[in-house]
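Examination of the molecular architecture
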Amino acid sequence: MCTGLRFTDDQGNLYFGRNLDVGQDYGEGVIITPRNYPLPYKFLDNTTTKKAVIGMGIVVDGYPSYFDCYNEDGLGIAGLNFPHFAKFSDGPIDGKINLASYEIMLWVTQNFTHVSEVKEALKNVNLVNEAINTSFAVAPLHWIISDSDEAIIVEVSKQYGMKIFDDKVGVLTNSPDFNWHLTNLGNYTGLSPHDATAQSWNGQKVAPWGVGTGSLGLPGDSIPADRFVKAAYLNVNYPTAKGEKANVAKFFNILKSVAMIKGSVVNVQGSDEYTVYTACYSSGSKTYYCNFEDDFELKTYKLDDHTMNSTSLITY
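You'll find the protein entered in an unreviewed UniProt entry as choloylglycine hydrolase, with Lactobacillus johnsonii N6.2 given as the organism. Annotation of the protein in UniProt includes, under Pathway (unreviewed entry), the sentence "Lipid metabolism; bile acid biosynthesis."

Here's what the structure looks like:
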């Protein structure tokens, strides 16, 4: 399970990232893929990277397999779990841009600068149910893709095929599908950051006991539907922050409020589901911020001339 979040500051700079909530540690770390790095494809011609990319992931046979990543132009993508719904093509289709589902991360960040370009290109994309190698299963994912102007959600399901949604609330969690989550928000239109006021019920004064009464009913559990509602509510109501430090704090404050704590959720395999890491990319400074479940120190990594032009992958 996971939660994705994006917003822009008063200068139009994008802050975009996610919580990774899983039942195991994959040995993930921050990876910078420089320009001119070999980029193999399953169904397309192999090439080299044109844009430097930073994000969190693992390296598999020299391939940077990202959980979330961001290119030097400020376009980012994060893959979140979409169980019971995700259904990719059984094989390539003639006339389509055929991508193994794990390849969409680098394909997007290498070929585009703006979400509008991605939306148009995806009309001719076929995502194939192909794993990176025999040691890995195909992850049932959907994706949030964002630049500083807009965000979209990309889902591929058996019922609908590929669907692309505009994400104006700037949030993504997990199953059900994104349209269901938007519909579910209608159950929470009575929420308000402002306290409730005293009322008279047949002459009996009924007064709120303390602060926070306007948001009575705001979910606080860990199911995807309720994390979506809470993150969307906080994203729209969090006061405008000025400067990078304040906006990074805003980002982490929102996502930490929907983090999954060890011991609170045990999956059907008997493992703790928990927030392994929280990460945020700032497009303005080209900085990747992250911390981990067992290390709350905020770590920073930058795309700069040195890292973008490295002769090899940079891993931390």
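There is more to say after this.
Tallying secondary structure elements over the protein gives six helices and 20 strands in all. For 316 residues, the compact-globule formula gives about 20 Å, and the C-alpha radius of gyration of the protein, at 20 Å, lands near that figure. Residues classed as buried in the protein amount to 49% of the 316 residues present. Considering only contacts within the protein whose residues lie at least 6 apart along the sequence, 65% involve residues at least 24 apart. When the accessible area of the protein is evaluated, it comes to approximately 14,800 Å², of which 50% is carbon and sulfur surface. Separation between the mean location of the 24 positive side-chain charges and that of the 35 negative ones in the protein comes to 4 Å.

Here we take up the packing of aromatic side chains. For the coordinates displayed, the defined rule picks out 15 aromatic pairs. On the basis of an interplanar angle of 45 degrees and a centroid distance of 6.0 Å, the ring pair of Phe7 and Phe251 is categorised as tilted. With a gap of 244 residues between them, Phe7 in strand β1 (residues 2-8) and Phe251 in helix α5 (residues 244-256) connect regions that are remote in the sequence. What makes Phe251 buried here is its relative accessible area of 0%. Considering the side-chain rings of Trp107 and Phe112, the 5.1 Å spacing of their centres and the 75 degrees angle between planes classify their relative orientation as edge-to-face.

In this model, the largest pocket occupies a volume close to 1,100 Å³. What lines the largest pocket is a set of 41 residues, and nearest its centre among them are Tyr26, Asn81, Ala139, Pro140 and Leu141. Counting only elements with at least two residues in the lining of the largest pocket, the list comes to β2 (14-22), β6 (53-60), β7 (63-71), β8 (76-81) and β11 (141-146). Per-element tally for the lining of the largest pocket: the top contributor is β2, with four residues. Class assignment of the residues belonging to the lining of the largest pocket gives a composition of 28 nonpolar, nine polar and four charged.

Turning our attention to helix α4 (residues 224-237). Relative to the 20 Å expected for 14 residues at 1.5 Å per residue, α4 spans 20 Å between its end C-alpha atoms, a close match to the ideal helical length. Of all 14 residues in α4, 11 are buried, a share of seventy percent or more. Of the residues making up α4, those classed as buried are Pro224, Ala225, Asp226, Arg227, Phe228, Val229, Lys230, Ala231, Ala232, Tyr233 and Asn235. The inward-facing, buried residues of α4 contact β1, β2, β14 (171-172), α3 (178-184) and α5.

A few words now on the sheet that holds strand β18 (residues 287-292). The sheet built from six strands is open, its strands ordered β14-β1-β2-β17-β18-β19 with antiparallel pairing. Edge positions in the sheet fall to β14 and β19 (295-302), since each of these pairs with one other strand and no more. Where strand β17 (residues 274-282) and β18 come together, six bridges link them in antiparallel fashion. Within β18, the position partnered with Cys280 by the bridge is Tyr289. Its contacts with the sheet put α4 on β1, β2 and β14, and the angle it makes with β1 is roughly 15 degrees.

Burial analysis of β8 places five of its six residues in the buried class, the great majority of the element. One ladder, built from three bridges, connects β7 with β8; its direction is antiparallel. Bridged to Cys69 within β8 is Ile77. Where β7 folds back on β8, the antiparallel hairpin that results is connected by four residues, among which Gly74 adopts a positive phi of roughly 100 degrees.

What counts, and at which threshold
Residues numbered from 1 in each chain as written. Predicted model: local features only at pLDDT ≥ 70, side-chain atom pairs only at ≥ 80, totals over all residues. Heavy atoms only, no water. UniProt positions renumbered as here; feature names shortened; annotations may be inferred. Helix = DSSP H or I, 4+ residues; strand = E, 2+ residues; numbered from the N terminus. Rg over C-alpha atoms; globule rule 2.2 N^0.38 Å. Buried < 20%, exposed > 50% of the residue type's maximum accessible area, 1.4 Å probe, protein only. Contact = heavy atoms within 4.5 Å. Areas by Shrake-Rupley, 256 points an atom, 1.4 Å probe, with all protein chains shown as cover. Lys, Arg positive; Asp, Glu negative; His and termini not counted. Charge placed at Lys NZ, Arg CZ, Asp CG, Glu CD. Phe/Tyr/Trp six-rings, centres within 6.5 Å; stacked < 30°, edge-to-face > 60°. 1 Å grid on protein atoms, 1.4 Å probe; cavity = no way out; pocket = protein on both sides within 12 Å on 5 of 7 lines; lining within 4 Å. Points joined across faces, edges and corners; volume = space filled by probe spheres on them. Nonpolar A, V, L, I, M, F, W, Y, C, P; charged D, E, K, R; others polar. Expected span 1.5 Å × (residues − 1). Pairing = 2+ DSSP bridges. Axes fitted to C-alpha atoms, helices over the stretch in contact; angles between N-to-C directions.

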